[in-house]
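So the chains spell out like this:
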Amino acid sequence: MTYRVGVDLGGTKILIALAEKNGKILQSKKIPTRANKGPEIILRDLVAEITTLFQVPLEEIEGMGFCMAGYYDRRKGVILGSPNLPGWENYPVEQQLNCLLNFPVIVENDANAAAWGEYVYGAGRGKENLLLVTLGTGIGGALIIDGKLAHGASGLAGEIGHIPILPREGPLCGCGKRGCLEALVSGTAIAREGRALLKTGQQTLLWDMVEEVSLQARDVFDAARQGDRCSLEIIDLAARYLGQGLAMAVNLLNPEMVIIGGGISSERELLLVPLRRYFSQMLIKPMAETVPLVPAELGEQAGVRGILALLDNFLSEKGKKLL
Ligand SMILES: [Zn+2]
């Protein structure tokens, strides 16, 4: 029996899955990312974990799909940088993994892998043109055009999180610019607005729920769910900015569907109801009537399932070439 491994490396956790041919996951594990240790140690940890977590000798593994949160230049096999993982600037990840492992490895950006997962197994089944947006600590995006992942000239297509919405007066973004969609709508941004609200002294349920320093986006959603007007306003404004960003992308690309994934999307209706309203107001009419905005279906396994499906394609193409 031979196995395949799928890895999704994020800023706080690494998801590792052991799979059969055709992507069926046999076991999956989550380990913390020692993000501040830098790429060499993270990758070495990862290789050690694969054998110990699954009790499978490396000789029985025929390939690995690796996706991570970062700007990946696939022509060079290099991570150009990662907002949530320090030390990965211009890091030759493909070459390093090939040095550490003696089976084929493919590398992708995590949003691209998640989009492919949703396209093959999830909310996007049967659609050939998709836009996926992941809302979490940051905002990721990926495009499938005519049944293919769109990488763009250097692999950076789909970076919807850095569309400038308020480039002059907006808050600073992790990318160093101001007023990007990510700086206005991500979990980090919603938490920041919640903390700012507490500073204004306005009447809000957040006072009773949480200390200012530990306030998270989910506290704002919890307060909004209980009818807190100020928290509802924060979410409504985030939905308006996100609707604007999505409308810009959709008017340009004409996808059949927009899939919303990532941590915040589990707050589905609170965000999706106002988001759908703003989104359709800002789209040109024929698209407003035909482009559904739907939640992702695969949850945190989207990236791993997508990268395993891409690995499957890669290995069967390779097999065909050898024949
Ligand atoms: Zn930005």
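By convention here, each chain's residues receive numbers from 1 onward along its written sequence. Note on the predicted model: pLDDT of at least 70 is required for a residue's local features to be given, and 80 or more for side-chain atom pairs to be given and counted; whole-chain, interface and lining totals, by contrast, use all residues. The basis for every side-chain value is the complete set of heavy atoms in the structure, and neither hydrogens nor water enter the calculation.

### Digging into the packing of aromatic side chains
- Pairing of aromatic rings covers Phe, Tyr and the six-membered ring of Trp, with a centre-to-centre limit of 6.5 Å; geometry is then stacked below 30 degrees between planes, edge-to-face above 60, and tilted otherwise. Counting across every chain of the model gives two aromatic pairs.
- Between Trp-116 and Tyr-119 the ring centres are 4.8 Å apart and the planes differ by 50°, which places this aromatic pair in the tilted class. In this pair, Trp-116 and Tyr-119 are both assigned in helix α3 (residues 110-121), three residues apart and thus about one turn of the helix distant.
- Remark: exposure states derive from per-residue accessible area (1.4 Å probe, protein chains only) relative to the maximum for the residue type, with buried under 20%, exposed over 50%, and partly exposed in between. Judged by relative accessible area, which is 14%, Tyr-119 ranks as buried.
- One cation-aromatic arrangement involves Arg-240 over Tyr-241; the distance from NZ or CZ to the ring centre is 5.9 Å.
- Just above the ring of Tyr-121 sits the side chain of Arg-305; from NZ or CZ to the centre is 4.1 Å. The secondary structure listing takes helices from DSSP runs of H or I that are at least 4 residues long and strands from runs of E that are at least 2 residues long, numbered from the N terminus. Criterion for a charge above a ring: Arg CZ or Lys NZ at most 6 Å from the ring centre, at most 35 degrees from the ring normal.

### Observations regarding the coordination of the zinc ion
- For Na, K and Ca the donor cutoff is 3.2 Å, while for all other metals N, O and S atoms count as donors only within 2.8 Å; water does not appear among the atoms, so some sites may look incomplete. Bound to the zinc ion on the protein side are His-162 (ND1), Cys-173 (SG), Cys-175 (SG) and Cys-180 (SG), at distances that span 2.0 to 2.3 Å.
- Here the zinc ion binds four donor atoms, and the angle range of 105 to 121° at the metal identifies the geometry as tetrahedral.
- Sequence positions of the residues that donate to the zinc ion give the spacing H-x10-C-x1-C-x4-C. Of this pair, His-162 sits in the loop between β10 (148-149) and α4 (181-185) while Cys-180 sits in the loop between β10 and α4; the two residues are 18 residues apart in sequence, bridging distant segments of the chain.
- On the basis of relative accessibility, which here comes to 2%, the residue Cys-180 falls in the buried class. Metal sites are grouped by the angles between bound donors: all angles between 85 and 135 degrees with four donors is tetrahedral, opposite donors over 155 degrees apart with the others between 65 and 115 is square planar for four donors and octahedral for six, and any other pattern is irregular.

### Let's talk about the packing of helix α1 (residues 39-54) against helix α2 (residues 93-100)
- Under this scheme, a helix contributes an axis fitted over its contacting stretch, all axes are lines through C-alpha atoms, and angles between N-to-C directions fall in the 0 to 180 degree range. Taken N-terminus to C-terminus, the directions of α1 and α2 make an angle of 40°; their axes are 11 Å apart at the nearest point. Put simply, α1 runs oblique to α2. Relative to α2, α1 is oriented so that their crossing is right-handed. For the pair α1 and α2, the contacting residues are Leu-43, Arg-44 and Val-47 in the first and Val-93, Gln-96, Leu-97 and Leu-100 in the second.
- Any residue outside Ala, Val, Leu, Ile, Met, Phe, Trp, Tyr, Cys, Pro, Asp, Glu, Lys and Arg is labelled polar, Gly included; the first ten of those are nonpolar and the last four are charged. Within the contact of α1 with α2, the residues separate by chemical class into five nonpolar, one polar and one charged. Any angle that falls under 35 degrees is termed roughly parallel, while one over 145 is termed roughly antiparallel, one within 65 to 115 roughly perpendicular, and all others oblique. In this scheme the handedness of a crossing depends on how the near helix is turned from the far one: anticlockwise by less than a right angle means left-handed, clockwise means right-handed. For this analysis, residues touch if any pair of their heavy atoms sits within 4.5 Å.

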